[in-house]
Structures are given as C-alpha cells and as structure tokens.
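Chain and residue survey
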Amino acid sequence: MTTTFTNARLINPETGTDEIGSLTIEGGLIVGLNAGEAGEVIDCGGKCLAPGIVDIGVKIGEPGERHKESFRTAGLAAAAGGVTTMVIRPDTTPAVDTPETLSFVTRRAGQVTPVNVHSMGALTKGREGREMVEMGFMLDAGAIAFTDCDHVVTDNKVYSRAMTYARSLRALIIGHPQDPQLSKGAAVTSGKFASLRGLPAVNPLAERMGLERDLALAEMTGVAYHADSLSTAKSLPALERAKAAGVDVSAGVNIHHLTLNELDVGDYRTFFKVKPPLRSEDDRLAMVEAVASGLIDIISSMHTPQDEESKRLPFEEAASGAVALETLLPAAMRLVHAGLIDLPTLWRALSLNPARRFNLPGGELTVGAPADLVLFDPDAPFVLDRFKLNSKSKNTPFDGARMEGKVLGTWVAGERVFGGNDA
Amino acid sequence: MTFRQRHLLGIEQLHPEEIKTVLDLADSYAEMNRSSVKHSDALAGLTQINMFFENSTRTQASFEIAGKRLGADVMNMAMQASSIKKGETLIDTALTLNAMHPDLLVVRHPHSGAVNLLAEKVNCAVLNAGDGKHEHPTQALLDALTIRREKGRLHRLTVAICGDIAHSRVARSNLILLGKMENRVRLVGPPTLMPSQIDQFGVEVYDDMEEGLKDADVVMMLRLQRERMDGGFIPSEREYYHRYGLDAEKLAHAKDDAIVMHPGPMNRGVEIDGTIADDINRSVIQEQVEMGVAVRMAAMDLLARNLKAERENRTEGVYV
C-alpha cells in the first residue's frame, strides 16, 4: 500500500532542514521525498512530520514489576508519544543478564507492542559489578548494548575487562557516570535548596568523577562507550576533551534534566525525584546548550514507571524516576518554544543520533529508511492530566503543567499505530 | 495579633508578626505555669495525639504537659514500636489516625518533609515536632522566647550557633527565625558539619570558635548528633571538644553578659563544659525547657482557634 503525506513540515535531522513538502511511503519504507502524490493522500495541514523518536532509556516492568508497567501499556504510551523505537533497560527484577531472560523479554515485546523494541543487556550478572554476562550469547539473542544502568561498576578491573571483551564483539557499553560513594543515599543535589530542605545531597562533581573514570577506561580499552544521563555543566569539558582525543564516546541527557531544575522539587514533591537528581538552573541551561551544539548526542526519556505506593513516601524514602514516554515530545518542545534549539537539531538528538549510535534502522527521513514517522502539531497547547496517560504508572512531574506540542499520528513501518484519520 | 496558619510545619512559613503573636501568648502561659493553678480550658474537648516516629523524651513530655495544662485529651503513640514495623506506610498510619478525629497531631519523624506529607492527608492541625534535618519550629520559638526574656529584645542581637549544623533541624529553624527577626546570625563549626552553601542564607560562617564567638550576645550550642552521622565527620570527640567545645576560655570572647543555650540533651565534655552548663549566671538551659512548655501551649492554642473557626465555617475572621 502506498501513502503520501502532503503539505507537511518535513523535519529532517540529517540535512538540518525544516521545509514544507511531501513524503511517500510504501511497503514499510520511505520511497519518495517531494515525489508527487501517489496512493492514499494524507494532508498534514502544514504540521510537522519527523522521524519517529528512538528512545534509548525505557524501563518496562517486565519481568518483575508488571504492576508498574507492561509491554502493552508502554507500547501504547510510546505510540501516543511519537516514540517508534524503544530501547529498553535491563534494570528489571531479575535483571536481563542471561540470553534466556533476553529472549523472554523480546518475545513478550513482539506479542503486544505496536512499536519497535530492542533490548539492552546487563553488563554484569545481577548488575552486581562482579562477573560479566555472556555477551556473545546475548548479542546473538538480540541485545544491542550492555549496561548496569544506575548501578556503577566500582571494580575497575571488572569494568575494564568487560569493556575489553565488549570491544572484540563490537558491542556498545553504556554507563551512568557517578561516584557511587559520594552519591550514596543522596536524594537531591547539594546546595542552598538541599540545605534548606534538610535532604541528603550529592555534589554535582560526583558525576564528573565517575565520567572521568569511565572515559579513561574507554580510552584504555578502545570500547564504544556511551555516557548516559549526564546532567551537570562540570562534566562537559571532560566529555569535550575525550571526544577531541578521538575516544569512541557519545553522551546522553534525560529530558527532565533539560526541562526542570532542583527547585521544582518544591515542598518535597516526590514526582520530581529522579536519578541523577535534578540540578541547578545553570546546569540545565548548559545541558540544553550542549545538545544544541552536538556535544551531547542523545536525549532520552529515562522512562521509569513507579506506582503510587513507591512515591507516596517521605522524599528520602520515595523511589526515583518518572514516566516520560508520552511527555518527551511536548517537554522537548519547550526548548524549541524558548528559542534554545531548532526542530531539526532537536530531532538529531531524538532520532538520528540514537539510531546511528545503537546501529538501528530509522531515525531519518531518507528514501529507503523505514517508514517510522511522527506527525505533530508543535504549537497545540494542553494541560497535562496524569490520569490520562497510557502508562500504567502515572508518576509524571508534568502533572497539571501547561505544555505545547501534540502528537497527531504515529506510524511504525508504514502502519499507523496512533491517531485518527483526521490529521 | 495575627496567626494565619493551619499547621505549624516550620518557621519558613511564618511571618514575623505571627512569631510575635506566638511569643506574646507564650509569655502569658509562662506566667500561668509559674502560678499555683496551672490549668486552662483552651483545648477542652479537643484530642491531641503525639506521634513520635523517633525517640524523644523531652519534646514529647513537653507537648504532653502543654496539652494537658490546656485541657486537651492527650494520647502518646510510640510509632517505632507500632505498625510501622509491620510495613504500614506513613500515609496509611495517618489515615487510620485521622479516622479517630484528632484535633491536634504532634509529629516527629526521622525524614525531612515527612510531616509536610502527613499534613496533606489529614484534616486536623499538625505540629512539626522535628522532621529529619529539616525543621523543629517549636524549638526555635522557645529559643526565641528565652532570648527575648533574657535580652529584652529579639532583634539586632549577635547570635552564634555552634557545632553540628549539618545534622541539626534546630539550627535550620533557628537561623530562619533569627534572620526573620533581623538578628546577626553566625554559624560556627568544622566545615564537615556545615550544610553546603549555607553562607547563602544570610549568615556568617566561621570554623574558628574564638572568632565566631567574638562579641556575641547569645551562644547557642548544638548537640553532636552521632546517631545521624553516616561516617567520620570529625577525627575524635576529644579533638572536637578541644576545638569546638564551649569552655570558659572560649566563652570569654563573647560579650560579658552573653547567655549560653543548648537544646538538649547535652553531651557534657563533648560540645559543652559541665561547669558552663551549670553556671546560673550564664546558662539559660533550664529556662529553655520551661519556655518550651509555654511556647507549645501557645502554638496549640492558636492552631486550635483557627481549627475551630474553620470548622464553624465562618467566612470572616477564620484566622486569629
């Protein structure tokens, strides 16, 4: 079947263009750009048509915490949020650290999820930082990267061996840089706000300490390394140096660190408790600038569903994390509306860069690429109601927030997975 | 007279006028407490529940006496020994208690912000009796009352708060209150026991006792909170005593009529020399305890008036 999107603002991250045009898809692929009308015609009415978002930080509660999020609900949330590919995290219960668990996850995902799903494997067994997983078998089973997520591998010998082994398999390793001793027990970033609220806090330099260590190990072993969840200005010079020195490193930031700051916690609001903790406004602006300049390659949702019971606790005891699959796009649009970044540059970080770094198809508007698309109105305003989210867990910091940017339709391999016919 | 609060969660929310209101009323209760008939019916018919999720003898006794002297029905719950151990969440505990229709809930909790959370879920007046490292408002109010009675004023004084600032909710509430009343606040202690960026709170920070105490009107010592420390903040207690323990030599740098305060319980020979603590010319530690009862009576009285007004659904003058 052939479909042509006409009168669309084509957001092309590869060429950096944002122009009205048409796009034709057929057989699950993009087959034409401004190539005339063929087949069914969808008039986009001048709204934005962009590659579907490739989100590399999604936690799904399977196995172990299906009451928080299932593949079905996460898939619906992704489709509603314009996310056409979810790269899912292995920090489940138990961790995805064997080829068998990975196969289970992949099978579950395939049965019920309307969007593309790829799994990451844990780097060490049980994410305990002691023994590396069977990387070879797990790659065969479909793993696309390895990470212990927020568990920092503290033993440098274990970490360097895992990296060396991964290099021979050309596998990507992802770290969440942090000094584990300094950040132990911390709920917020140290500073005036933390002191006023009397909450346990961590200095932002703890992130740079972790990053410098990881970068040295990456340089030492030659592995492809992605530093994820960076959040502080002080980390950026280290990253810049490593990139300039030719270390195979990329970097990511979570959407909440681009759109919120530490003061949003306010009166101990636990929906704003994330990991790493929210930072100062200066840090936030530095991260936005780093995305705009390309120093930070990837924006992810770090979608972390938590049920009400995990959040309705005193701040220190409450679980970290926020759901974000459905709010990623409108939250990111805040940066565009604030004039801090343009749409094609934003989409480089949302689709093109993650697809390339994780070696996945998609993320671009070129002939021959998969027809994974999102059609959205960048200006449509709404007030977010957390109970209307598709995610099983409703722990969003944007509850009641005024946002702009509505997804009108999402297509995966040419099939419409979200939105009605009246685009 | 102004007091527009529904709860007493912290000093942060209070206006200077409201602080004065509490202290003025507390003054009158202090007189009553010294008379032979120590009783009023301000809280008659009301139920006061003291929920202490953390060990406390002094504060709990003070709240209990305050409630009883005002005629409330007072119940103490030692939460450490109760359903918390059975896995019940704070909110469920609060809702269970709420169903018993208390009017005043006095709460102490080991985690910062826990009392704020609880206050959102119940429909009675909540008093914070100390939450984690956040606030301890009645302590700051009783300290303020003691200072005002001793010094004749509560403004333009130099107050040195010394010791373990980082783990102290007393220090936070005090520095906020003293700042609101336009005093000069100094924090003195080793840098490992100072909260980060505390200098941005409009206070002066010293790591030398003698400099910090110079010409102070009030010297407020804090307890070294060993139970809240998760590692070595100081090399040893004897070095701490040597550098930061209040003795006659260090106190000599303060004004001649400077008063010495301590929220208790004291570690004699750690943060304060025993003879200083017992010196009736300098130490007002016993008066602090006395004022504690008066301030808590005043705070509960004011909150109860607001609660009654709210329940009677008055549109005007809901708050005193």
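Residues numbered from 1 in each chain as written. Chains lettered and ligands numbered in written order. Predicted model: local features only at pLDDT ≥ 70, side-chain atom pairs only at ≥ 80, totals over all residues. Heavy atoms only, no water.

Now for the overall build of chain A. Scanning chain A from N- to C-terminus turns up 13 helices and 18 strands. In terms of C-alpha radius of gyration, chain A reaches 20 Å, essentially the compact-globule figure of 22 Å for 423 residues. Counting only C-alpha atoms and orienting by the principal axes, one finds that chain A spans roughly 60 × 50 × 45 Å. Relative to its 423 residues, chain A shows a buried fraction of 62%. Here chain A displays about 15,400 Å² of accessible surface, and carbon together with sulfur accounts for 49% of that area. The centroid of the 42 positive side-chain charges in chain A is displaced by 5 Å from the centroid of its 53 negative side-chain charges. (Helix = DSSP H or I, 4+ residues; strand = E, 2+ residues; numbered from the N terminus. Rg over C-alpha atoms; globule rule 2.2 N^0.38 Å. Buried < 20%, exposed > 50% of the residue type's maximum accessible area, 1.4 Å probe, protein only. Areas by Shrake-Rupley, 256 points an atom, 1.4 Å probe, with all protein chains shown as cover. Lys, Arg positive; Asp, Glu negative; His and termini not counted. Charge placed at Lys NZ, Arg CZ, Asp CG, Glu CD.)

Quick look at the sheet that holds strand 3 (residues 104-109) of chain B now. Residues and elements named next belong to chain B. Taken in spatial order, the four strands make up an open sheet running 2-1-3-4, and their pairing is parallel. At either margin of the open sheet sits one strand with a lone partner, and together these are strand 2 (73-78) and strand 4 (125-131). Strand-to-strand twist of the sheet, defined as the mean angle between neighbouring strand axes without regard to direction, takes the value 15°. The sheet contact formed by strand 1 (residues 47-52) and strand 2 spans six bridges and is parallel. For N50, the partnering residue across the bridge sits in strand 2 and is N76. Here helix 4 (residues 114-121) sits on the sheet in contact with strand 3 and strand 4, set at roughly 165° to strand 4. (Pairing = 2+ DSSP bridges. Axes fitted to C-alpha atoms, helices over the stretch in contact; angles between N-to-C directions. Contact = heavy atoms within 4.5 Å.)

Looking now at the packing of aromatic side chains. Evaluated as defined, the whole model comprises three aromatic pairs over all chains. Consider the rings of A:F5 and A:W411, whose centres lie 4.8 Å apart with planes at 85°: the pair is edge-to-face. On the criterion of sequence distance, the pair formed by A:F5 in strand 1 (residues 2-12) and A:W411 in strand 17 (residues 402-412) is long-range, its members being 406 residues apart. Residue A:F5 shares its accessibility class with A:W411, and that shared class is buried. An angle of 35° between the planes, with centres 5.7 Å apart, marks the rings of B:Y240 and B:Y244 as tilted. With a gap of four residues between them, B:Y240 and B:Y244 both fall in helix 8 (residues 237-244), about one helical turn apart. The burial state of B:Y240 is the same as that of B:Y244; both residues are buried. (Phe/Tyr/Trp six-rings, centres within 6.5 Å; stacked < 30°, edge-to-face > 60°.)

Residues and elements named next belong to chain A. Between its terminal C-alpha atoms helix 10 (residues 281-293) stretches 18 Å, which fits the 18 Å expected from 13 residues at 1.5 Å a residue. Within the span of helix 10, buried status applies to D283, R284, A286, M287, V288, A290 and V291. On its buried face, helix 10 sits against helix 8 (236-244), strand 14 (249-254), helix 9 (255-259), strand 15 (298-300), helix 12 (328-337) and helix 13 (343-357). In the segment just after helix 10, G294 is the residue with positive phi, at about 95°. (Expected span 1.5 Å × (residues − 1).)

Before going further, it helps to spend a moment on the nonpolar core. A:M86, A:Y225, A:I296, A:I299 and A:W347 are the most contacted members of the largest nonpolar core, which has 101 residues in total. No other element matches the seven residues that helix 12 of chain A contributes to this core. The contacts of A:M86, once residues within four sequence positions are left out, are A:D55, A:V58, A:I60, A:A74, A:G75, A:A78, A:T113, A:V115, A:N116, A:V117, A:H118 and A:L325. Within the second largest apolar cluster, 64 residues are counted, among which are B:A66, B:L127, B:L178 and B:A298. (Core = buried A, V, L, I, M, F, W, Y, C linked by side-chain atoms within 4.5 Å.)

Once that is clear, we can look at the sheet that holds strand 7 (residues 83-88) of chain A. All names here are of chain A. Read from one edge to the other, the open sheet built from eight strands follows the order 6-7-8-9-10-13-14-15, with strand pairing classed as parallel. Edge positions in the sheet fall to strand 6 (53-58) and strand 15, since each has one partner strand and no second. Here the average twist between neighbouring strands, direction ignored, is 30°. Where strand 14 lies against strand 15, three bridges are found, and the strand directions are parallel.

Here we take up the pairing of strand 6 (residues 184-188) of chain B. Look at any regular strand and the pattern is simple: side chains alternate between the two faces of the sheet. Residues and elements named next belong to chain B. Here strand 6 lies mainly inside the structure; four of its five residues are buried. Examined bridge by bridge, strand 5 (residues 158-162) and strand 6 share five bridges and lie parallel to one another. Within strand 6, the residue paired with V159 across the bridge is V185. Between the parallel pair strand 5 and strand 6, the chain is carried across by helix 6 (residues 169-180), and the sense of this crossover is right-handed. (Right-handed = clockwise from strand over helix to strand, strands pointing away.)

Each partner contributes to the interface: chain B provides 22 residues, whereas chain A provides 17 residues. Of the roughly 1,700 Å² buried at the junction of chain B and chain A (both faces included), carbon and sulfur atoms supply 55%. Interface area lost by chain B to chain A is led by B:H111, B:S112 and B:F201, which between them contribute 27%. Counting the contacts that link chain B with chain A gives one salt bridge. In this structure, A:R197 engages B:E12 in a salt bridge whose closest nitrogen and oxygen atoms are separated by 3.1 Å. For the pair chain B and chain A, the number of links is ten residue pairs in polar contact (both at pLDDT 80 or more). Among the elements of the structure, helix 3 (90-98), helix 4 and helix 6 of chain B are those that each provide at least two residues to the side of chain B that touches chain A. (Buried area = accessible area lost by both parts, 1.4 Å probe. Salt bridge = Lys/Arg side-chain N within 4 Å of Asp/Glu carboxyl O. Polar contact = N/O pair within 3.5 Å; in protein donor to acceptor, adjacent residues only side chain to side chain.)

Here we take up helix 2 (residues 58-69) of chain B. Residues and elements named next belong to chain B. End to end, helix 2 covers 16 Å across twelve residues, agreeing with the expected 16 Å (1.5 Å per residue, within 8%). Where helix 2 is concerned, the buried positions are T59, Q60, S62, F63, A66 and G67. All buried residues of helix 2 project into a common sector of 160° when viewed along the axis, lining one side. In this structure, the buried residues of helix 2 make contact with strand 1, strand 2, strand 3, strand 4, helix 5 (137-151) and helix 11 (285-311). Taken from the residues just after helix 2, G71 is the one with a positive phi, measuring 85°. (Arc of directions from axis to C-beta.)

All names here are of chain A. If you trace the backbone, D372 turns up in the loop between helix 13 and strand 16 (373-383). Residue classification places D372 among the buried positions, given a relative accessible area of 6%. Separated by 36 residues in sequence, D372 and V336 have C-alpha atoms that sit 22 Å apart. Ignoring any residue separated from it by four or fewer positions in sequence, one finds D372 in contact with A50, P51, G52, T84, T85, N116, W411, V412 and A413. A polar side-chain atom of D372 sits 2.8 Å from the main-chain amide nitrogen of A413.

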